[in-house]
Amino acid sequence: MARAVGITLRKLRKQYGPVVAVNDLDLEIAAGEFVSLLGPSGCGKTTTLRMLAGLDFPTSGTISFGERVVNDLAPAKRDVAMVFQSYALYPHMTVGENIAYPLKKRGVPKAEQPARVGAVARLLQLEPFLSRKPRHLSGGQQQRVALGRALVRDPEIFLLDEPLSNLDAKLRAHMRTELIELHRKIGKTMVYVTHDQLEAMTMSSRIAVMRGGDLQQFATPIEIYQRPANTFVADFIGTPAMTLLDADLRAQDGHGEVMFGPVSIPLPDNLVNQRRGGTPVKLGIRPEDVLIAENDGFPGTVKVIEPTGHENIVLFSLHNHNITGRVPAQVHLEVGQPVRISFRSARLHLFDRETGLRLS
Amino acid sequence: MTRSNIWTKPLVSLVVWLIVLIVVFPLIWMVLTSVKPQSELFRIPATFWPTRITFEHYQTLLNETLFLKYLRNSIILSTSTTLLVIVVAVLGAFSLTRFAYRGRERIALLVLTTYLLPSVVLVLPLYLMMVRVGIANSLFSLVVAYTTFALPYALWLLRSFMSSMPEELEWAALVDGASRLGAFFDVILPQAIPGIISTALFTFIVTWNEYFYALILVNTDEARPLTTGVITMLVTSFNIEWSLLMAAAVAMSLPLIIIFVFLQGYLVKGFATAGVKG
Amino acid sequence: MSPSLKLPSSSGGQHDPAKEDRLDLTTMPPVIGMSAVGVGQIRKPSWGVSLPTQYSLIGVLLIAPAVLIFALVIAYPLAEAIYLSFFSIYTPTLQGEWVGLANYRAMLSTREFWAALGTNIVWTIGTLVLQVVIGVAIALLLNLNFYFRSLARSLILFPYFVSTVVAVLVWRWMFNDTYGILNRALVVSGLSDMPLDWLGAMPNAMISIILVGAWKYFPFVVIAVLARLQTIPEELYEAARIDGANVWSRFWDVTLPQLREVLIVIVLLRTIWDFKEFDLIYLLTGGGPIAATQTLPLLVYKQAFGMNAMGMASTYAIGIMVVLVTFMVLYLQRTRRGSELQ
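None of these values were measured; they are calculated from a predicted model.

Is there a simple way to explain the overall build of chain C in this structure?
For chain C, the count of helices and strands is 13 helices and two strands. Looking at the 342 residues of chain C, the share that counts as buried comes to 48%. Sequence separation of 24 or more characterises 65% of the internal contacts of chain C that already satisfy a separation of 6 or more. Summing over all exposed atoms, chain C offers an accessible surface of approximately 16,800 Å²; the carbon and sulfur share of this is 65%.

Laid out in structure tokens, this is it:
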């Protein structure tokens, strides 16, 4: 059985003339990890994946699988498997031939092929379709064939390029859990490209958030959620999105507070050590850290209510600032209703207003 | 047009089909003439429909003229040229669409411009070249000459077809373990078959119909294709036998008719693709 | 029922071990691949050349046959044609001597050249206009809904795909003074007492070749225009109709602008091809009566094989090319400027 292998990217750069698609990316992926490359379109995640596969060539920098530098290895020689967003199934071959193709190319004896194809087909419940052509299959079935084609080779590394984005929402959710199970079972290194933060969060051991070719943060989902490295990551991860406000830090006698407008929130000491007074920051508040207070708190109004079933997403207005919060459905609110709002100050996020970087 | 008049479709059909018949009339007339007995041609007043259908002219054509020899030459010529051009053009189109190298765009542009070169410019030096190499007056010399106009167009057509194929298929094959040539044969070629058939049919017809190069480069009956051969028949006879000539014209058009009956979908698709892109 | 990967659940539950859909990778023989290569080995690239360069080399190799053929049968003859134009060559013996620019001077000073150029222009414009107008009109008709539409669309292509030889044979038969159907129809219908000499007198001859040229080549316009027409969204017409546009202004304001690009290409291609047309005119009139329909390509042929002056013929051929290139450059400039204004 092929062992799992880690991936190291060192100063990986891809440039098209003046346009930098991937900017000196440094990434170390451990063997057997499930890493997502997450970001909006144009952030360089797909380009990076293609370079990992050998379908695109770096302008500079190295790609290593384990100890091996693979820059100049053709895709065929890299022992990676890839699942494409459009599945890229060979239309003129049957499902069985599609799955067998990698075996054929690697010189697996003809006698052995049916067994291996059969094992994969059984695993993915594709047996009834083996002699059909891809165009006669549904989207979900085609996706499983693409997976099967990747699995049958037992490669060291799996590359997946937004494989679920062409499926409807329900199927997508289902396939997410199945992919998680699959990874747990076979334990190979997987690199998963997506723009959907929910996919990245639920499936990955670590997430690499990218934007405009630059790596924003590479950490576990929890860490990215609880300690985003900059305002971009903070805003990108989490639904509903974090509220980001311009504010100022003030430190007085060792006690700090953050102020926007007339609102002044005292901060626990660990959040505001040695900050000079008046530092301009961006204050980040996750919706679940917004609380409706009985007596204390700040005076605000309810602006918009979006019921989602088990809770309401409420847009509050606090001294002309809009703050998004989550309120359990049982709490009855009306638009225009005055409420008192308070915050879990220990969970507030502070970012430098100019650089967007996290302050801690 | 969302006019819900019940008379629209029949009326339009009438008008359009009238026009189509007028356009096609010469060809219909050609067929009619070829099956009329000789005497009817010169009857006054003229008859439109044949009173009696005869195939005697076709028999004369096959038995008493060199038509079969010319036919044989045309078949060999068109088939060889098409095969050669298709092979070279398929590889070339693959190169132009799936590879990157310096000068690639310049080559593509060159292909386009050579397509517009007048054959009058090339024919005289080609004639000299054939004489020098010693293949003047042969079918082979025609194959060489015909590639001057067949290859650019085939390349342009095939390039069009291939660039509209999704890249991911080739990528999947490469990742699955294929070499670039392996991916070409396993994945790209099967997908390109409709385009290749289109182009091949087109090339065949164009080489089948060529007159000018055949006129200048070949003047023995041994190597004459149908186009110049039939004109020779017209010129050398004292009495221009129109019925015979019409039979020859119909017979010459046989490949075209066969292609149209069975394969015209391919032809139109290929034509529209490259014709529109110019 | 959502399809799923049936992986054995680790949290227990009913499953029969014997029937378990287990992808047990440990019992599968390893694929012959990189797993055989140990860790710690750095693979040197084949030939010491980077991957993108390897690919580029393959690409170059694949285009090489085409490029070679081009060089051999197009580039070299083209260069030689220019070279030949500086010689005076006696065609039967292919012997020649250098004359420098004498051929060019001779060409530009003979009336025959300028007459042929004029004839060429008349022929080209005449047949081009007909081809485009008829082609667009018929394309519009074929875009409508009617019975047996695809059959009609196929039949309309026949003139284009039939050999020029066949076209000429049938038209000469139809033009025949005594027995040709056109003259018979003329006489029978009483439109004329005398049969017309379609090909042997002017201006008949020029009109005849223009007509036959239009007949032969208009389907090219039809196909290209029809393909484009079929991509024009119906909503544009509906919006125009709601705005109160009638048939003519719908054509002028919606259809024509959409056709602009394709028509530019069509006019360019057809002008070039009609200008250099040899087969049709040579076989219909041979250039007659008395050089009245002698266009430049026919003149080249006459110089090479009638006057046995191959060098001169090449000069004329170069002349044709210069005219065409000039036209193409001016034309593209003008139309590019037009597109920028759009």
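The rest of the description comes next.
Before we go on, may I ask you to explain the interface of chain A and chain B in this structure?
If you look at the interface, chain A gives 22 residues, while chain B gives 16 residues. For the chain A and chain B pair, buried surface summed over both sides reaches about 1,600 Å², with 61% attributable to carbon and sulfur atoms. Viewed at the interface, chain B and chain A are joined by two salt bridges. The residue Lys105(A) makes a salt bridge to Asp186(B) at a minimum N-O spacing of 2.7 Å. Linking chain A to chain B there are 11 residue pairs in polar contact (both at pLDDT 80 or more). Among the residues forming the side of chain A that touches chain B, the class breakdown is 15 nonpolar, two polar and five charged.

Any chance you could explain helix H11 (residues 226-236) of chain B here in plain terms?
Structurally, the α-helix is built with 3.6 residues per turn, so residues lying three or four positions apart point the same way. The buried count for H11(B) comes to nine of 11 residues, which makes it a mostly enclosed element. Along H11(B), the residues classified as buried are Leu226(B), Thr227(B), Thr228(B), Gly229(B), Val230(B), Ile231(B), Thr232(B), Met233(B) and Leu234(B).

It is not clear to me how the sheet that holds strand S1 (residues 7-16) of chain A should be interpreted in this structure. Could you clarify?
The strands that make up a sheet are held in pairs by hydrogen bonds between backbone atoms, and each pair lies either parallel or antiparallel. Residues and elements named next belong to chain A. Strands sit in the order S2-S1-S4-S5 across an open sheet of four strands; the sheet is antiparallel. Where the open sheet ends on each side, the last strands, each with one partner, are strand S2 (19-29) and strand S5 (68-69). The sheet contacts of helix H1 (residues 45-53) involve S1, S2 and strand S4 (60-65), and relative to S1 the element is tilted by about 115°.

Would you mind going over the interface of chain B and chain C with me for this structure?
Where interface size is quoted, it is often the accessible area lost as the parts come together. At the junction of the two partners, chain B supplies 91 residues and chain C supplies 87 residues. When chain B packs against chain C, the two sides together hide about 8,100 Å² of surface, and 82% of this comes from carbon and sulfur. Inspection of the region where chain B meets chain C yields one salt bridge. Note that Glu80(C) is salt-bridged to Arg132(B), the shortest N-O span being 2.5 Å. Here chain B is connected to chain C by nine residue pairs in polar contact (both at pLDDT 80 or more). Of the residues contributing to the side of chain B that touches chain C, the split by class is 71 nonpolar, 15 polar and five charged.

Just to check I follow, could you spell out the packing of aromatic side chains for this structure?
Here a ring pair, both rings aromatic, is described through the centre-centre distance and the interplanar angle of the planes. Enumeration according to the criterion identifies 41 aromatic pairs over all chains in this entry. Between Phe232(A) and Phe236(A), the ring centres sit 5.4 Å apart and the planes meet at 25°, which makes this aromatic pair stacked. In this pair, Phe232(A) and Phe236(A) are both assigned in helix H8 (residues 231-236), four residues apart and thus about one turn of the helix distant. Side by side, Phe232(A) and Phe236(A) carry an identical accessibility label, which is buried. Here a set of aromatic residues connected by ring pairs shows up, and it is made of Tyr127(B), Tyr146(B), Phe149(B), Phe212(B), Tyr213(B), Phe278(C), Tyr282(C), Tyr301(C) and Phe305(C). Lying across the ring of Tyr55(C), Arg180(B) places its NZ or CZ 4.6 Å from the centre.

Just checking my understanding: could you explain the packing of helix H4 (residues 139-151) of chain A against helix H5 (residues 169-186) of chain A for this structure?
How two helices sit against one another is set out by the angle between their axes and by the gap between those axes. Residues and elements named next belong to chain A. The N-to-C vectors of H4 and H5 enclose an angle of 15°; their axes lie 12 Å apart at closest approach. With respect to their mutual orientation, H4 and H5 come out roughly parallel. Between H4 and H5 lies a crossing of right-handed hand. Note on element contacts: H5 touches H4 through Leu171, Met175, Leu179, Leu182 and Ile186, opposite Gly140, Gln143, Arg144, Leu147 and Leu151. Across the contact of H4 with H5, the residue classes break down as seven nonpolar, two polar and one charged.

Please clarify how the pairing of strand S9 (residues 206-211) of chain A should be interpreted in this entry.
Look at any regular strand and the pattern is simple: side chains alternate between the two faces of the sheet. Residue and element names in this part refer to chain A. Inspection of the sheet shows strand S3 (residues 34-38) paired to S9 by four bridges, in the parallel sense. The residue of S9 that forms the bridge with serine 36 is isoleucine 207. Two elements, S9 and strand S10 (residues 214-219), share five bridges in a ladder whose sense is antiparallel. Note on S10: the bridge partner recorded for arginine 211 is aspartate 214.

What exactly am I supposed to notice about the environment of Leu157(B) here?
In this fold, Leu157(B) is placed in helix H7 (residues 139-163). As for Leu157(B) and Ile196(B), which are separated by 39 residues in sequence, their C-alpha atoms are 8.9 Å apart.

Would you mind showing me how to read the side chain of Arg106(A) here?
Mapped onto the elements, Arg106(A) comes out in the loop between helix H2 (95-105) and helix H3 (113-123). Salt bridges are absent for the buried Arg106(A), whose nearest opposite-charge side chain, Asp79(A), sits at 4.0 Å. Within the structure, the side chain of Arg106(A) is placed 3.4 Å from the backbone oxygen of Val175(B), a separation counted as a polar contact.

What should I look at first to understand the pairing of strand S13 (residues 263-267) of chain A in this one?
Residue and element names in this part refer to chain A. Where burial is concerned, the two faces of S13 differ: the one with Val263, Ile265 and Leu267 is buried and the one with Ser264 and Pro266 is not. In this sheet, S13 lies alongside strand S12 (residues 255-260) in antiparallel orientation, the contact comprising five bridges. Bridge pairing links valine 258 to isoleucine 265 in S13. Linking S12 to S13, which pair antiparallel, is a turn of two residues; within it glycine 261 sits at a positive phi near 60°.

How should a nonpolar patch on the surface be read in this particular structure?
There is a patch of nonpolar side chains on the surface, built from Leu254(B), Ile257(B), Ile258(B), Val261(B) and Phe262(B) and spanning about 500 Å² of accessible area. Its place among the elements puts Leu254(B) in helix H13 (residues 254-277).

Would you mind showing me how to read the pattern of salt bridges here?
Working definition: two side chains of opposite charge can pair if their charged atoms are close together. Residue and element names in this part refer to chain A. Following the criterion strictly, the structure yields 29 salt bridges over all chains and no others. The salt bridge involving arginine 50 is made with aspartate 56; its shortest N-O contact spans 3.6 Å. For aspartate 56, a relative accessible area of 9% translates into the label buried. We note a salt bridge from arginine 326 to glutamate 288, for which the minimum N-O separation is 3.2 Å. With arginine 326 in strand S18 (residues 321-328) and glutamate 288 in the loop between strand S14 (279-285) and strand S15 (290-293), this pair connects stretches of sequence that are 38 residues apart. Taking relative accessible area as the criterion, arginine 326 reaches 25% and is therefore assigned partly exposed. When salt bridges with common partners are traced through the structure, they connect Asp246, Asp248, Lys282 and Arg353 into a single cluster.

About the thresholds
Residues numbered from 1 in each chain as written. Chains lettered and ligands numbered in written order. Predicted model: local features only at pLDDT ≥ 70, side-chain atom pairs only at ≥ 80, totals over all residues. Heavy atoms only, no water. Helix = DSSP H or I, 4+ residues; strand = E, 2+ residues; numbered from the N terminus. Buried < 20%, exposed > 50% of the residue type's maximum accessible area, 1.4 Å probe, protein only. Contact = heavy atoms within 4.5 Å. Areas by Shrake-Rupley, 256 points an atom, 1.4 Å probe, with all protein chains shown as cover. Buried area = accessible area lost by both parts, 1.4 Å probe. Salt bridge = Lys/Arg side-chain N within 4 Å of Asp/Glu carboxyl O. Polar contact = N/O pair within 3.5 Å; in protein donor to acceptor, adjacent residues only side chain to side chain. Nonpolar A, V, L, I, M, F, W, Y, C, P; charged D, E, K, R; others polar. Pairing = 2+ DSSP bridges. Axes fitted to C-alpha atoms, helices over the stretch in contact; angles between N-to-C directions. Phe/Tyr/Trp six-rings, centres within 6.5 Å; stacked < 30°, edge-to-face > 60°. Lys NZ or Arg CZ within 6 Å of the ring centre and 35° of its normal. Parallel < 35°, antiparallel > 145°, perpendicular 65-115°, else oblique. Left-handed = near helix turned anticlockwise from the far one by under 90°. Lys, Arg positive; Asp, Glu negative; His and termini not counted. Patch = residues over 30% accessible without salt bridge, like charges linked within 9 Å, V, L, I, M, F, W, Y side chains within 5 Å.

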